[in-house]
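Chain and residue survey
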Amino acid sequence: MQIETQNSAEGLRLRVMAPRIDAATALAFKEKIREVVQPDGSAIVLDLATVSFIDSSGLGALVSLHKALHDVRGITFTNLSPAVAQVFRLTRLDEVLHVLAPQETHDAS
Amino acid sequence: MFWRPKRHMMPVEPTPAHFQTRFAANHLVTGEVLAEVLKGLPPEIAETALHIAIQIVLAEVINNIIDHAYRDTLGQIELKLWHRPQGVQVMIHDQGQPMPLEHGPQTRLSAPDPHALPERGFGWLLIRSLAHDLRYTRLPDGNQLSFQLSLPHLEQVTKASHRQLSPATGAL
């Protein structure tokens, strides 16, 4: 699994270059993140724009990432696809994980 | 005339499935199988909540079969799908071990508390939230799970999850 990193105003942006984070790829995803992220540094923004789908194993990987990084660096998730936003809502993980609204602004509340 | 399966043993299959497939119980092929299932759906379902729900529920059901029913063996999974007004009916069959009770659909587990930051246990929560008429049957040669997904049900689920979030969010 490929992760692109980019320093930006809001911190270190990690772009997950994969269509799915699921039972087949969750482990590789966690290992790859560990490779590219140091335990300390600026806040992390995990950009999920190319990820169309995340299953329960993928959610577990995101929670584990949140636990590892939230207190030390801060981590937010952004650009959730409709399917990813749906699993965040149904599991109520959106109450705990920090989700940044995507760039474009909506008038609807 | 002939032997007929008892109704409580096997949900009836009234008409031939609109879509069916058989595949290896392997996490590496699940993504491809789901893509194939989505292609087989009627076009009016694309871009609806149903399109998303079917991926979520099937992914979790297939994960459970691979991780529990076929935990120690290789095997095949058979999936049949029928179009219904505003939805689909799905039946999934495997030839693995009985689903352990704590991983079976008949157990009412409480939903994992997100504030405890659990890394497991979301699968059945997702299945139960989205599917209805969920029926698990242990057959002599395996497991059978059937369920329905329908737009009216999903609209209720969506409304409920938004409502639940509105005032309480961030209370912790």
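Residues numbered from 1 in each chain as written. Chains lettered and ligands numbered in written order. Predicted model: local features only at pLDDT ≥ 70, side-chain atom pairs only at ≥ 80, totals over all residues. Heavy atoms only, no water.

1. Some thoughts on the overall build of chain B
Within chain B one finds four helices and five strands. Scored against the burial criterion, the 172 residues of chain B give a buried share of 48%. In chain B, of all internal contacts separated by at least 6 residues, the share reaching a separation of at least 24 is 66%. (Helix = DSSP H or I, 4+ residues; strand = E, 2+ residues; numbered from the N terminus. Buried < 20%, exposed > 50% of the residue type's maximum accessible area, 1.4 Å probe, protein only. Contact = heavy atoms within 4.5 Å.)

2. Structural notes on the interface of chain A and chain B
Each partner contributes to the interface: chain A provides 26 residues, whereas chain B provides 26 residues. Summed over both sides, the interface of chain A with chain B buries roughly 2,500 Å², with 67% coming from carbon and sulfur. On the chain A side of the interface with chain B, the three residues burying the most area are R89(A), L90(A) and E95(A), jointly 22% of the side's total. At the boundary of chain A with chain B, the tally comes to one salt bridge. For the pair chain A and chain B, the number of links is five residue pairs in polar contact (both at pLDDT 80 or more). Elements represented by at least two residues in the side of chain A that touches chain B include exactly α2 (56-69) and α3 (82-90) of chain A. Broken down by element, the side of chain A that touches chain B gets its largest block of residues, eight residues, from α2(A). For the side of chain A that touches chain B, the residue count by class is 11 nonpolar, seven polar and eight charged. (Buried area = accessible area lost by both parts, 1.4 Å probe. Salt bridge = Lys/Arg side-chain N within 4 Å of Asp/Glu carboxyl O. Polar contact = N/O pair within 3.5 Å; in protein donor to acceptor, adjacent residues only side chain to side chain. Nonpolar A, V, L, I, M, F, W, Y, C, P; charged D, E, K, R; others polar.)

3. A word on helix α3 (residues 123-130) of chain B
Of all eight residues that make up α3(B), seven are buried, and the element is covered over most of its length. Among the residues of α3(B), those classed as buried are G123(B), W124(B), L125(B), L126(B), I127(B), S129(B) and L130(B).

4. As for the packing of aromatic side chains
All names here are of chain A. In this structure the tally under the stated criterion is one aromatic pair over all chains. Ring plane angle 75 degrees and centroid distance 6.2 Å describe the contact between F77 and F88, whose orientation is recorded as edge-to-face. One end of the pair, F77, is in strand β6 (residues 75-78); the other, F88, is in helix α3, with 11 residues separating them in the sequence. The buried category is assigned to F77, whose relative accessible area is 0%. (Phe/Tyr/Trp six-rings, centres within 6.5 Å; stacked < 30°, edge-to-face > 60°.)

5. Details of the sheet that holds strand β7 (residues 98-100) of chain A
All names here are of chain A. In spatial order, the strands read β1-β2-β4-β6-β7; together these five strands make up an open sheet with mixed pairing. This sheet does not close on itself; its edge strands, each paired only once, are β1 (2-8) and β7. Neighbour-to-neighbour, the strand axes of the sheet open up by a mean angle of 30 degrees, direction not taken into account. Relative to strand β2 (residues 11-17), β1 is paired through seven bridges, and the arrangement is antiparallel. When the sheet's bridge partners are listed, T5 is paired in β2 with L14. The strands touched by helix α1 (residues 26-36) within the sheet are β1, β2 and β4 (44-47), with β1 carrying the most contacts at an inclination of about 35 degrees. Docked against the sheet, α2 engages β4, β6 and β7, running at close to 145 degrees with respect to β6. (Pairing = 2+ DSSP bridges. Axes fitted to C-alpha atoms, helices over the stretch in contact; angles between N-to-C directions.)

6. Side note on the sheet that holds strand β1 (residues 19-24) of chain B
Residues and elements named next belong to chain B. One open sheet accounts for five strands, arranged β1-β2-β3-β5-β4; its pairing is antiparallel. With one partner strand each, in any of the chains shown, β1 and β4 (132-139) form the two edges of the open sheet. Neighbouring strand axes in the sheet, compared pairwise and without regard to direction, differ in orientation by 15 degrees on average. Contacts from helix α2 (residues 49-69) reach β1, β2 (76-84), β3 (87-94) and β5 (142-150), with the element oriented near 165 degrees to β5. Most of the contacts of α3 go to β4, to which it runs at about 125 degrees, and overall it touches β4 and β5.

7. A look at the confidence of the model for chain A
With 94% of its residues at a pLDDT of 70 or more, chain A shows a mean pLDDT of 91. Below a pLDDT of 50 lies the segment residues 104-109 of chain A, which in the model reaches zero contacts outside its immediate sequence neighbourhood of four places, other chains included. (pLDDT = per-residue confidence, 0-100.)

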